[in-house]
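Spelled out, the chains give:
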Amino acid sequence: MKISRITLIAAFIALLMTLTACGSAAVKLDEQDNGQTIEVNSGDKITITLEGNPTTGYSWELSEFDASVVEPAGEADYKSDSKLLGSGGVYTFTLQALSSGATTMKFIYHRSWEDAEPAQVFEVNLNVK
């Protein structure tokens, strides 16, 4: 049986894609994980979803983290739950675990122009292996 060159190349590409997908995991967190300690591997993507309503002036912000352990992978995304004016929705933050270490990721729900305590706080202790 003779295998064509194209078949070998296609098999090699499929193998590479499979290995790349196995190399990092997607860790999904939400309000239920508040105060928890989460273990991830270096290279893992961490997605955090938090409910909010920017029409009230409040928004979620990542306020504390160790940039040598984890870094944001772009800006936070917001999607409304409805097309109705004033309805709430979900903020999604995506972060990338960089290297071994520990950090506390703290998110605050606040009005950025007010000098007041946040309305809500979401914290996760992250251990990267």
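Model, not experiment: these values are computed from the prediction. (Residues numbered from 1 in each chain as written. Predicted model: local features only at pLDDT ≥ 70, side-chain atom pairs only at ≥ 80, totals over all residues. Heavy atoms only, no water.)

### Describing the pattern of salt bridges
Moving on, step 1. Under the criterion given, the structure shown has four salt bridges.
Moving on, step 2. A salt bridge links glutamate 39 to lysine 129, with the nearest nitrogen and oxygen atoms 3.9 Å apart. Residue glutamate 39 is located in strand E2 (residues 37-40), and its partner lysine 129 is located in the segment after strand E9 (120-128); the two are separated by 90 residues in the primary sequence.
Moving on, step 3. Lysine 129 gets classed as exposed once you look at its relative accessible area, which sits at 54%.
Moving on, step 4. In this structure, the salt-bridge partner of lysine 106 is glutamate 64, at a minimum N-O distance of 3.8 Å. Of this pair, lysine 106 sits in strand E8 (residues 101-110) while glutamate 64 is found in strand E4 (residues 59-64), placing the two residues 42 residues apart along the sequence.
Moving on, step 5. Given a relative accessible area of 40%, glutamate 64 falls into the partly exposed group. (Salt bridge = Lys/Arg side-chain N within 4 Å of Asp/Glu carboxyl O. Helix = DSSP H or I, 4+ residues; strand = E, 2+ residues; numbered from the N terminus. Buried < 20%, exposed > 50% of the residue type's maximum accessible area, 1.4 Å probe, protein only.)

### Thoughts on the sheet that holds E2
Moving on, step 1. Across the sheet, four strands lie side by side as E2-E9-E8-E4; this open sheet has mixed pairing. Looking at the sheet topology across the chains shown, the edges are occupied by E2 and E4. Mean inter-strand twist for the sheet, computed between neighbouring axes without regard to direction, equals 30 degrees.
Moving on, step 2. With four bridges joining them, E2 and E9 adopt parallel strand pairing. Each residue of the ladder has a partner; that of valine 40, found in E9, is valine 128. (Pairing = 2+ DSSP bridges. Axes fitted to C-alpha atoms, helices over the stretch in contact; angles between N-to-C directions.)

### Quick look at the confidence of the model for the protein chain
Moving on, step 1. A residue-level look at the protein chain finds 81% of positions with pLDDT of 70 or above and a mean pLDDT of 87.
Moving on, step 2. Low pLDDT (under 50) marks residues 15-22, which in the prediction has zero contacts with non-local residues, meaning those over four places away or in another chain. (pLDDT = per-residue confidence, 0-100. Contact = heavy atoms within 4.5 Å.)

### Some words on the pairing of E8
Moving on, step 1. Taking burial as the measure, the 10 residues of E8 include seven buried ones, the bulk of the element.
Moving on, step 2. As paired elements, E4 and E8 share five bridges and run antiparallel to each other. Within the sheet, the bridge partner assigned to serine 59 lies in E8 and is histidine 110.
Moving on, step 3. Note that E8 and E9 share nine bridges and pair antiparallel. Each residue of the ladder has a partner; that of phenylalanine 107, found in E9, is phenylalanine 122.

### Topic: the nonpolar core
Moving on, step 1. One finds Ile46, Ile48, Leu95, Met105 and Phe107 to be the most contacted residues of the largest nonpolar core, which totals 22 residues.
Moving on, step 2. Mapped by element, the contributors of at least two residues to this core are strand E1 (26-29), E2, strand E3 (45-52), E4, strand E7 (89-97), E8 and E9.
Moving on, step 3. If sequence neighbours within four positions are ignored, leucine 95 has contacts with Asp44, Lys45, Ile46, Ile48, Leu62, Val70, Glu71, Pro72, Ala73, Met105 and Phe107. (Core = buried A, V, L, I, M, F, W, Y, C linked by side-chain atoms within 4.5 Å.)

### As for the environment of asparagine 53
Moving on, step 1. One can find asparagine 53 in the loop between E3 and E4.
Moving on, step 2. Residues asparagine 53 and tyrosine 78 lie 25 residues apart in sequence; the distance between their C-alpha atoms is 9.3 Å.
Moving on, step 3. The residues touching asparagine 53, leaving out its near neighbours within four places in the chain, are Tyr58, Tyr78, Gly86, Ser87, Gly88, Tyr91 and Tyr109.
Moving on, step 4. A distance of 2.5 Å separates a polar atom in the side chain of asparagine 53 from a polar atom in the side chain of threonine 55. (Polar contact = N/O pair within 3.5 Å; in protein donor to acceptor, adjacent residues only side chain to side chain.)

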